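Now for the letters of each chain:
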Amino acid sequence: MDDNLLKPALPKSLYDRIEEDVVKLHIDLDLELPVDPHIVAERLGFIVRRFSEISNSEALNILKTGPDDSRDGLSYRDPDLDTFVIWVNDLDSTYEPRLNFTIMHEIGHIRMGHRGDSPLAEMIANYYAAYALVPSPLPALLKCNSFMDIIDEFNVSVDCAFNCSKRCMNWAMYGGPIKPYEQKLKDYYKKRLHLDRR
């Protein structure tokens, strides 16, 4: 049985809230494709650190302070720095698209105001990261015909591209009329990518 069938869905209003925040992020931060989460973090005033910058014992101590499933990364507000710090585990994986997803996932936790860890918070942050890296209206705009095209255009992992391609296909087939924020995102990238001249 498909594992995705066992996962509960988020309420539609929560999907809309996440998507609206992501669109605002793209436009307000003047983002480009593919989205670079390091730039997103920098423009938000957050600090991104990698475990490879510190000793293994320091990395283990940081992991111990986070939730049990924080192996890929974690984030917290540092009162001394007066900003959020995102730690990404580049010791277990150096695959940049995976690390980018982790950074965007942590940005999702921060933007959605999560104060603790829960399965719901993880679902929200995962959706936030995937939608921020591959917003539903954009693969069709860029004429992506497969998840391989999504990998090429958006610089995401195979897993992320495959899941996003299914989401985007469902969006195109069953999403109903385009929402105002989706149109705003399409217009932003049409202009940014000079697609309005084709």
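It should be emphasised that the depicted structure is a prediction, and the values quoted were computed from it without experimental measurement.

**Student:** Now, about the packing of aromatic side chains: what can you tell me, with residues and values included?
**Tutor:** Scanning the entire structure with this criterion turns up six aromatic pairs. The interplanar angle of 40° and the centroid separation of 5.8 Å between the aromatic rings of Phe-51 and Trp-87 together place this pair among those described as tilted. Here Trp-87 lies in strand 3 (residues 83–88) and Phe-51 lies in the loop between strand 1 (47–50) and helix 4 (56–65), a separation of 36 residues in the sequence. Trp-87 shares its class with Phe-51; the two are buried. Within the aromatic cluster, the residues linked to one another by ring pairs are Tyr-15, Tyr-127 and Tyr-131.

**Student:** I'd like to hear about helix 8 (residues 147–154), residue by residue, with values.
**Tutor:** Along an α-helix, residues three or four apart share an orientation, since each turn contains 3.6 residues. Burial in helix 8 covers these residues: Ile-150, Ile-151 and Phe-154. The buried residues of helix 8 occupy an angular sector of 105° when the element is viewed end-on, so they sit on one face. Where helix 8 is buried, its residues meet helix 6 (119–133), helix 7 (138–141) and helix 9 (158–174).

**Student:** Just give me the short version of the pattern of salt bridges, but keep the residues and values in it.
**Tutor:** Considering all chains together, one arrives at 13 salt bridges under this definition. Between Asp-16 and Lys-179 there is a salt bridge, with the nearest N and O atoms lying 3.5 Å from each other. Linking Asp-16 in helix 2 (residues 12–28) with Lys-179 in the loop between helix 9 and helix 10 (180–192), this pair joins segments that are 163 residues apart in sequence. Residue class for Asp-16 comes out buried when judged on its relative accessible area of 18%. Put simply, Arg-77 and Asp-82 hold a salt bridge, and the shortest N to O gap is 2.7 Å. When its relative accessible area of 56% is taken as the criterion, Asp-82 is described as exposed.

**Student:** Before we move on, could you go through the nonpolar core and cite the residues and values that matter?
**Tutor:** Counting 48 residues, the largest nonpolar core has Ile-18, Met-104, Ile-107, Tyr-128 and Phe-154 as its most contacted members. Top contributing element to this core by residue count: helix 6, with eight residues. Beyond its immediate stretch of four places on either side in the chain, Met-104 contacts Leu-25, Pro-37, Val-40, Tyr-128, Ala-129, Ala-132 and Leu-133. Ile-54, Ala-59, Ile-62 and Leu-74 belong to the second-largest nonpolar core, a separate cluster that totals eight residues.

**Student:** Describe the layout of surface pockets, naming the residues involved and giving the relevant values.
**Tutor:** Of the pockets and cavities examined, the second largest pocket occupies roughly 190 Å³. What lines the second largest pocket is a set of 13 residues, among which Pro-139, Cys-144, Ser-165, Cys-168 and Met-169 lie closest to the centre. Among the elements of the structure, helix 7, helix 8 and helix 9 are those that each provide at least two residues to the lining of the second largest pocket. Per element, the largest residue contribution to the lining of the second largest pocket is five residues, and it comes from helix 9. Here the lining of the second largest pocket is built from residues that sort into nine nonpolar, four polar and no charged.

Scoring rules and cut-offs
For every chain, the first residue of the written sequence is number 1, and numbering continues from 1 along that sequence. A pLDDT threshold of at least 70 governs which residues receive local features in this predicted model, and a stricter bar of 80 or more applies before side-chain atom pairs are shown or counted, although totals over entire chains, interfaces and linings include all residues. Where side-chain values are given, they derive from all heavy atoms of the structure, hydrogens and water being excluded. Note on aromatic contacts: the rings of Phe and Tyr and the six-membered ring of Trp form a pair at centre separations within 6.5 Å, being stacked when their planes are under 30 degrees apart, edge-to-face when over 60 apart, and tilted otherwise. Each helix is a run of H or I in the DSSP string that is no shorter than four residues. Each strand is a run of E no shorter than two, and both are numbered from the N terminus. Each residue gets one of three labels from its accessible area relative to the maximum for its type: buried under 20%, exposed over 50%, partly exposed in between, using a 1.4 Å probe on protein chains only. Within this analysis, the arc is defined by the directions that extend from the helix axis to the C-beta atoms. Throughout, a contact is declared for two residues whenever any of their heavy atoms are within 4.5 Å. Here, a salt bridge means any Lys or Arg side-chain nitrogen found within 4 Å of an Asp or Glu carboxyl oxygen. Here, nonpolar core means buried Ala, Val, Leu, Ile, Met, Phe, Trp, Tyr and Cys residues that are tied together by side-chain atoms lying within 4.5 Å of each other. Points on a 1 Å grid over protein atoms alone make up a cavity when a 1.4 Å probe fits among them but cannot get out, and a pocket when they form an open set with protein on both sides within 12 Å along at least five of seven lines; lining residues each have an atom within 4 Å of a point. Grid points are joined across faces, edges and corners, and a volume is the space filled by probe spheres set on the points. All amino acids are sorted into three groups, where Ala, Val, Leu, Ile, Met, Phe, Trp, Tyr, Cys and Pro are nonpolar, Asp, Glu, Lys and Arg are charged, and the leftover types, Gly among them, are polar.

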